[in-house]
Amino acid sequence: MGAIYTSTAFREYAKAQVAHADILLTKHAESALSLCRCGRLHPCDEHRHWLEIRTHFRQFLVDEQYSSEVQQPCTPNPTRSDPSTPYDLG
């Protein structure tokens, strides 16, 4: 039976898969005249395969990539142009 991955181990595995797919996608990029670098029409089967692999594993890394950038929403301060607040509270 296969290994059971913890969240950290699975994220590392997903990062490695994405990195490997990126390398192979570079090798199977479009070169000229709609041809892949391998000589077949672009996108070749290899390009499609590694694009699917990268897309699959990147979905598990989205939360990690943006977790440090996510900010909690804050309530805006009312302004004088806001019709829901009175002009003079005092």
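Rules used throughout
- Residues numbered from 1 in each chain as written.
- Predicted model: local features only at pLDDT ≥ 70, side-chain atom pairs only at ≥ 80, totals over all residues.
- Heavy atoms only, no water.
- Helix = DSSP H or I, 4+ residues; strand = E, 2+ residues; numbered from the N terminus.
- Buried < 20%, exposed > 50% of the residue type's maximum accessible area, 1.4 Å probe, protein only.
- Phe/Tyr/Trp six-rings, centres within 6.5 Å; stacked < 30°, edge-to-face > 60°.
- Polar contact = N/O pair within 3.5 Å; in protein donor to acceptor, adjacent residues only side chain to side chain.
- Contact = heavy atoms within 4.5 Å.
- Salt bridge = Lys/Arg side-chain N within 4 Å of Asp/Glu carboxyl O.

Draft legend 1. Quick look at the overall build of the chain. Scanning the chain for helices and strands turns up three helices and zero strands. The helix and strand sequence of the chain, counted from the amino end, reads α-α-α. Relative to its full complement of 90 residues, the chain shows a buried share of 14%.

Draft legend 2. Geometry of the packing of aromatic side chains. Tallied over the entire structure, the rule returns five aromatic pairs. Measuring from ring centre to ring centre gives 5.6 Å for Y13 and F57, while their planes differ by 80°; the resulting arrangement is edge-to-face. One end of the pair, Y13, is in helix α1 (residues 7-27); the other, F57, is in helix α2 (residues 45-58), with 44 residues separating them in the sequence. Here F57 falls in the buried class, since its relative accessible area comes to 9%. Following the ring pairs from residue to residue traces out a cluster consisting of F10, Y13, F57 and F60.

Draft legend 3. View of the side chain of H47. Considering the arrangement of structural elements, one finds H47 in helix α2. What makes H47 buried here is its relative accessible area of 15%. Of note is the side chain of H47, whose polar atom sits 3.1 Å from the backbone oxygen of H28. Residue contacts for H47: discarding those within four places in its chain leaves L25, H28 and H42.

Draft legend 4. Structural view of the pattern of salt bridges. Throughout the structure, instances matching the rule amount to three salt bridges. Residue D22 is joined to R54 by a salt bridge in which the shortest nitrogen-to-oxygen separation is 2.9 Å. Of the two residues, D22 is situated in helix α1 and R54 in helix α2; the sequence distance between them amounts to 32 residues. For D45, the salt bridge goes to R48, with nearest N and O atoms at 3.1 Å. Residue D45 and its partner R48 are located together in helix α2, separated by three residues, close to a single helical turn. Residue classification places R48 among the partly exposed residues on the basis of a relative accessible area of 42%.

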